[in-house]
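Structure assessment
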Amino acid sequence: MSFFPHRHSSHKIGADHPLSGKVVYIPTMGEGSPEAFAAAFRWLGVQSQPTPPSDERTRELGGKYTTGDECYPAKVTVGDFLRVIEQPGFDAERTAFFMPTAEGPCRFGQYAPFLRKILREAGYGDVKVVSPTSRNGYVDLGGIANPFMRTAWRALVCADTIHRALLKTRPYETTPGAADRIFLESQADIVKTIENSCVDAACQLGSLVESMTRARERFRRVPALYDRELPLIGVVGEIFCRLNTFSNEDLIRKLEGYGAEACLSHITEWVGYTNSEEKRKLHLRGRKISLSMLKAYVRSHIQEADEEALIKPFEEEFVGYEEPPMEEILELAWPYLPTGGALGEMVLSVGKAAYLAKHGADGIIDISPFTCMNGIVTEAVYPKLCKAYGGIPIRNFYFDGTQADLDRDLGIYMELARSYREKKPFQRRFPAYFAPAGA
Ligand code: SF4
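Predicted model only: the values in this text are computed from it and were never measured.

**Focus: helix 7 (residues 201–220)**
With 20 residues, helix 7 extends 29 Å between its outermost C-alpha atoms, agreeing within 8% with the 28 Å of an ideal straight helix rising 1.5 Å per residue. Burial in helix 7 covers these residues: A201, Q204, L205, S207, L208, S211, M212, A215, R216, R218 and F219. The inward-facing, buried residues of helix 7 contact helix 1 (33–43), helix 5 (145–169), helix 6 (178–195) and helix 11 (291–311). For helix 7, the N-terminal capping position is held by D200, with its side-chain oxygen 3.3 Å away from the main-chain nitrogen of A202.

And the structure:
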């Protein structure tokens, strides 16, 4: 991936750019992330917006154009893209669908060619599928690859950070809806800040840090009673299903309805993992010093520095909610799924589950699409992890759009989490704004 400071003088695309005149639609992975990601495109003069909110028609269209062998996230994203096609005034030549890709053991790498095939067969072969990857030199992004990648990373970090703030505030709010309102206000602030930010990378970072500081101040004003008695549930699992609230039936909100607080693994964790995998593979190929290696290290370093600066305003609020370094997650996963022997989200889910258990979580929920091998593998190793961490309740929830008993199952699960809470061997660290113990 190209990832270096913005060095160009004009950051807007020209009329000859492959995305000029098109609207790029972003799949809705995460709350606030697609909006921020689309803003990074707009900053470069590319029209962009998230796909419309998923609904029953999403499932209907997804089901019509898939065979049942595909995973559930493929069905949902295909359904959402086809809903764009159904919108009045749709123009194939002016439309592009953003479908990221990755190498690895799962079906995700097939999504982009699969989407192209469906569009061709449905008579919409003119719709462009944007799937930037280092393998094709980011050709889909033309000359904007460098500034886009860096700004998009910053956008995702900001979106993840305010979502983390939302999840740690909402369960304690005393005015229903206040935290959600502040979240949306902060999301709009990030979007506007990105769209209007400078060409210069340092100047852009400065304006985003100011946006994050404003977000922190808003969250601080949410009327709330922070109570140490609420169980904390770690939410891990397959990236799309755990971050797309339509696919997971809004599991986190339902958990909160049972009086729990959720700690969700966000998108940036996956980016950290892919960086670490890239470096591991370069080492394996025996390339101790090479241009690719240098690029991988510089990119990671720049990303980490940007992330640190953007999260800094929330330092005090995130005491006890710190994200572990990738090396720690992989090390904790090692006894169950050693890196290299096992790849992808299953490793992250197991490592993060162990980290959260060790830091006082009262339970772990692993969200997975039905038939996804990540959930199948993690479910097989969780009993061993549960035993190693004092019996912490870990439960896999599978989704394919037909859940009937989610509410009931969560209710039962929360009973287990509450009883584990009474005897757990690992205690949580609380930020200063929580009421003192026993108050
Ligand atoms: S992780 Fe599972 S659900 Fe997600 S793309 Fe891969 S196979 Fe499909």
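Once you've had a look at it, read on.
**Some details on the confidence of the model for the protein**
For the protein, per-residue confidence averages 92 on the pLDDT scale, and 95% of positions sit at 70 or higher. Residue range residues 1–5 is modelled with pLDDT below 50. Its contacts to residues more than four positions away, or to other chains, number 22 contacts.

**Points about empty space enclosed by the protein**
Taken as a whole and judged by the stated rule, the model has two cavities of 30 Å³ or more. The calculated volume of the largest cavity comes to roughly 140 Å³. Lining the largest cavity are 19 residues, with E31, H163, L243, T245 and L264 positioned closest to its centre. For the lining of the largest cavity, the secondary-structure elements that each account for two or more residues are helix 5, helix 8 (239–243) and helix 9 (251–257). Broken down by element, the residue count for the lining of the largest cavity peaks at four residues, all from helix 5. For the lining of the largest cavity, the per-class residue count stands at seven nonpolar, six polar and six charged. Listing elements by their share of the lining of the second largest cavity, those giving two or more residues are helix 5 and strand 6 (261–264). For the lining of the second largest cavity, the element with the highest residue contribution is strand 6, accounting for four residues. Residue composition of the lining of the second largest cavity, by class: six nonpolar, one polar and four charged.

**Quick look at the packing of aromatic side chains**
In total, this model carries 18 aromatic pairs according to the counting rule given. With a centroid separation of 5.0 Å and 35° between ring planes, the pair formed by Y172 and Y226 is classed as tilted. Here Y172, found in the loop between helix 5 and helix 6, pairs with Y226, found in the loop between helix 7 and strand 5 (232–237); they are 54 residues apart in sequence, far enough to count as distant. Taking the relative accessible area as the measure of exposure, Y172 reaches 3% and is therefore buried. Judged by its relative accessible area of 13%, Y226 is buried.

**Side note on the layout of surface pockets**
Considering only enclosed or pocket space, the second largest pocket measures out at about 950 Å³ in volume. E304, E307, E323, P324 and P325 are, among the 34 residues lining the second largest pocket, the residues nearest its centre. Only helix 5, helix 10 (267–284), helix 11 and helix 12 (326–333) provide two or more residues apiece to the lining of the second largest pocket. Among the elements that make up the lining of the second largest pocket, the one with the highest residue count is helix 10 (seven residues). When its residues are assigned to classes, the lining of the second largest pocket shows 12 nonpolar, eight polar and 14 charged.

**Here we look at the side chain of N248**
Tracing the chain through its elements places N248 in the loop between helix 8 and helix 9. At 3.0 Å, the side chain of N248 forms a polar contact with the backbone nitrogen of D250.

**A few points about the sheet that holds strand 8 (residues 394–399)**
The strand order across the open sheet formed by four strands is 6-5-7-8, and the pairing between neighbours is parallel. The open sheet has two edge strands with one neighbour each: strand 6 and strand 8. Strand-to-strand twist across the sheet, computed as the mean angle between neighbouring axes with direction ignored, equals 25°. Taken strand by strand, helix 15 (residues 406–423) contacts strand 5, strand 7 (363–369) and strand 8, and its axis lies near 170° from that of strand 8.

**Topic: the side chain of T268**
One can find T268 in helix 10. For T268, a relative accessible area of 12% translates into the label buried. Not counting residues within four places of it along the chain, the set of residues in contact with T268 comprises W153, L156, V157, D160 and E307.

**Some remarks on the state of the cysteines**
Inspection of every chain in the model, using the stated rule, returns one disulfide. Residue C198 pairs covalently with C203 via a disulfide, S to S 1.7 Å. Here the S-S torsion is close to -50°, and the disulfide linking C198 with C203 is therefore left-handed. Residue classification places C198 among the partly exposed positions, given a relative accessible area of 25%. Of the cysteine sulfurs around C263, a residue in no disulfide, the closest is that of C241, at 18 Å. For C263, a relative accessible area of 14% translates into the label buried.

**As for the sheet that holds strand 2 (residues 47–50)**
The four strands are arranged 2-1-3-4 in an open sheet whose pairing can be described as parallel. Because the sheet does not close on itself, it has two edges, and the strands there are strand 2 and strand 4 (128–130). For this sheet the average axis-to-axis angle between neighbouring strands, irrespective of direction, equals 30°. In this structure, strand 1 (residues 23–26) lies alongside strand 2, joined through four bridges in parallel fashion. Among the inter-strand pairings, V23 is bridged to a residue of strand 2, identified as Q47. Helix 1 contacts strand 1, strand 2 and strand 3 (95–98) of the sheet and is inclined by roughly 175° relative to strand 2. Together, strand 3 and strand 4 form the strand contacts of helix 4 (residues 111–121), whose direction differs from that of strand 4 by roughly 170°.

Conventions and cut-offs
- Residues numbered from 1 in each chain as written.
- Predicted model: local features only at pLDDT ≥ 70, side-chain atom pairs only at ≥ 80, totals over all residues.
- Heavy atoms only, no water.
- Helix = DSSP H or I, 4+ residues; strand = E, 2+ residues; numbered from the N terminus.
- Expected span 1.5 Å × (residues − 1).
- Buried < 20%, exposed > 50% of the residue type's maximum accessible area, 1.4 Å probe, protein only.
- Contact = heavy atoms within 4.5 Å.
- Polar contact = N/O pair within 3.5 Å; in protein donor to acceptor, adjacent residues only side chain to side chain.
- pLDDT = per-residue confidence, 0-100.
- 1 Å grid on protein atoms, 1.4 Å probe; cavity = no way out; pocket = protein on both sides within 12 Å on 5 of 7 lines; lining within 4 Å.
- Points joined across faces, edges and corners; volume = space filled by probe spheres on them.
- Nonpolar A, V, L, I, M, F, W, Y, C, P; charged D, E, K, R; others polar.
- Phe/Tyr/Trp six-rings, centres within 6.5 Å; stacked < 30°, edge-to-face > 60°.
- Pairing = 2+ DSSP bridges.
- Axes fitted to C-alpha atoms, helices over the stretch in contact; angles between N-to-C directions.
- Disulfide = S-S within 2.5 Å.

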